[in-house]
Amino acid sequence: MPDTDAPLTVGVVKETRPGERRVALVPKLVERLTKRGLQVVVEPGAGLRAQLADELYEEAGAHLGEARSSDIVLTVTPPAPADIERLKAGTVLIGFLNPLSNVDGVAAMKKAGIRAFAVESIPRISRAQAMDALSSQANVAGYRAVLLAAQRLPKFFPMLTTAAGTVPPAKALILGVGVAGLQALATAKRLGAQATGYDVRPEVAEQVRSVGAQWLDLGIEAAGEGGYARELTDEERAEQQRRLTEAITGFDVVITTALVPGRPAPKLVTAEAVRGMRPGSVIVDMAGETGGNCELTEPGQDTVAHDVTICSPLNLPAEMPVHASELYARNLTELIELIVDSEGRLALDFSDEIVAGACVAGADEEVN
C-alpha cells in the first residue's frame, strides 16, 4: 500500500494495442483529481493520438513519468502480460479489462496482487450512470457506424428533390437497440435516411419511436437481465432468422449491434439474407470482436459478398479519439471519486454494489 503521508498517484498509460487512439484521462479532468489531493502522472505521449500533447497535461497540473508505478493506474484496453508484471502489488487498475474473455489476464492480475476494476462490470444502475463507460463508448460507436455506412453506400441517405427528379431516402435497419443502436438510429434519421429499429426486447420499441424511427416487429421477445437480451432458444433463433431474412432484403443499410455478454454474437444476418439484398447495399457489423452478427462477416475486414459490402470494424470509438477519450475520462473520474475519500485516501468499500460489481481481482485483499 502507498505511504499514508504521500499523496496517491494516478497514472495514465500510453495504449499499446494496435489501432487504439484513445487515452484514459484528458487534461481538463486533471485539475478535478488534483483538487482531491491526488497526483497525476502521465506516460509521455499517452494522449498524442487523441490530439492531446504532453504540454497540455503539464499545464493542467500533471507530471510526465512512469505511469505504471502509480497507486491507481488508468487504461483503456486490458494490459498485456508484460505490463501486468510492471504493476506493483496493491495497485488499483481501472479500465476495460474484458473479464469474461480475458480469463488468463485476470488470473495474472490476481496473482500479481492487483486490485482490478473492469468498467464493463459496473452495475447498470441509476447511481452509476456517470461511470457507465460501456454506454459512453457505445454512443460513439453507434454514431461512427452510420457515418461508415453512409460513406460506403453508393446512394444518398436523405430524400432529395432536384430539377432532375426526386431521389428517395435510403432505408436503414438497425438490429439491436441498446445505446449504440439508439445512437445509430438517431444519426441515420438526422442524415435523412428512413430508419427502422429491431430488438428482441419489446420494451425498447418506444425508445426507437422516440428518435423518430420506425419499429420492426417480428413477434419474438427475449428480454434478459441487466438491460441485455437473453440468448434465444434454437426454435426462437430459427424463426427469428427466417423473419429477419425476409425483412432485411428491403433495406439499403443494415447495422448490427447485438451482443450477449460472455457469449459469441448471435447470427442475425444470414448468407441468404445477404444474397437477397440489393446490389450496392451495406452491412456494418458492430459485433465483429465476438464473431459478428452476420454469417459472412470477416472480423476487422471490409468484404464484398453478392455485391453487398460487409464492414466489420473492431474499435469504432478509437476512430473518434477526441470525444471518446473525453467521455471515457469522465467515467473513470467519477469512479475514482467513489473509491477515494475527500482527503485523497483510498477508500474501497466493497459493501457498495458499484465497487463490488466492478472489482474482478483483489477484492479479498486487505484494504488499509
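Residues numbered from 1 in each chain as written. Predicted model: local features only at pLDDT ≥ 70, side-chain atom pairs only at ≥ 80, totals over all residues. Heavy atoms only, no water.

Right, let's talk about the overall build of the protein for a bit. Helices and strands together make up the secondary structure of the protein, namely eleven helices and 16 strands. Relative to the compact-globule value of 21 Å for 368 residues, the protein shows a C-alpha radius of gyration of 22 Å, a close match. When its C-alpha atoms are laid out on the principal axes, the protein stretches across 70 × 50 × 35 Å. Counting every position in the protein, which comprises 368 residues, the buried fraction comes to 51%. The long-range fraction of contacts in the protein, counting pairs at least 24 apart against all pairs at least 6 apart in sequence, stands at 64%. (Helix = DSSP H or I, 4+ residues; strand = E, 2+ residues; numbered from the N terminus. Rg over C-alpha atoms; globule rule 2.2 N^0.38 Å. Buried < 20%, exposed > 50% of the residue type's maximum accessible area, 1.4 Å probe, protein only. Contact = heavy atoms within 4.5 Å.)

Using the criterion set out here, one finds 24 salt bridges in the structure. Between R32 and E337 there is a salt bridge, and its shortest N-O distance comes to 2.8 Å. With R32 in helix α1 (residues 30-34) and E337 in helix α10 (residues 321-339), this pair connects stretches of sequence that are 305 residues apart. Residue classification places R32 among the partly exposed residues on the basis of a relative accessible area of 29%. Within this structure, E43, E66, R68, D83 and R86 form a network of salt bridges that share partners. (Salt bridge = Lys/Arg side-chain N within 4 Å of Asp/Glu carboxyl O.)

Accessible area lost during the coming together of the parts is what is often quoted as the interface size. Partitioning the protein into domains gives domain 1 (9-118 + 320-361) and domain 2 (139-319). Placing the centre of domain 1 and that of domain 2 at their C-alpha centroids yields a distance of 33 Å. Every contact between the two is made by ten residues of domain 1 and, on the other side, twelve residues of domain 2. Buried surface at the junction of domain 1 and domain 2, summed over both partners, amounts to about 800 Å²; 59% is from carbon and sulfur atoms. Counting across the domain 1 and domain 2 interface gives one salt bridge. For R17, the salt bridge goes to E289, with nearest N and O atoms at 3.2 Å. Between domain 1 and domain 2 we count five residue pairs in polar contact (both at pLDDT 80 or more) in total. Within the side of domain 1 that touches domain 2, the residues separate by chemical class into five nonpolar, one polar and four charged. (Domains from an automatic or database assignment. Buried area = accessible area lost by both parts, 1.4 Å probe. Polar contact = N/O pair within 3.5 Å; in protein donor to acceptor, adjacent residues only side chain to side chain. Nonpolar A, V, L, I, M, F, W, Y, C, P; charged D, E, K, R; others polar.)

As a further point, take the nonpolar core. In terms of nonpolar packing, the biggest core is built from 43 residues, with L25, L74 and I94 touching the most fellow members. Looking at this core, the elements that each hand over two or more residues are β1 (9-12), α1, β2 (39-42), β4 (72-74), β5 (92-95), α10 and α11 (353-358). It is α10 that contributes the most residues to this core, six residues altogether. Setting aside its immediate chain neighbours within four residues, I94 contacts I72, V73, L74, T75, F117, V119, L332, L335, I336 and I339. Listed in part, the 31 residues of the second largest apolar core include F157, A193, A213 and L316. (Core = buried A, V, L, I, M, F, W, Y, C linked by side-chain atoms within 4.5 Å.)

Tallied over the full model, the rule gives one cavity of 30 Å³ or more. In this structure, the largest cavity occupies an estimated 40 Å³ of space. Surrounding the largest cavity, V119, I122, P123, R124, A128, D132 and L134 form its lining. Residues belonging to the lining of the largest cavity are distributed by class as follows: five nonpolar, no polar and two charged. (1 Å grid on protein atoms, 1.4 Å probe; cavity = no way out; pocket = protein on both sides within 12 Å on 5 of 7 lines; lining within 4 Å. Points joined across faces, edges and corners; volume = space filled by probe spheres on them.)

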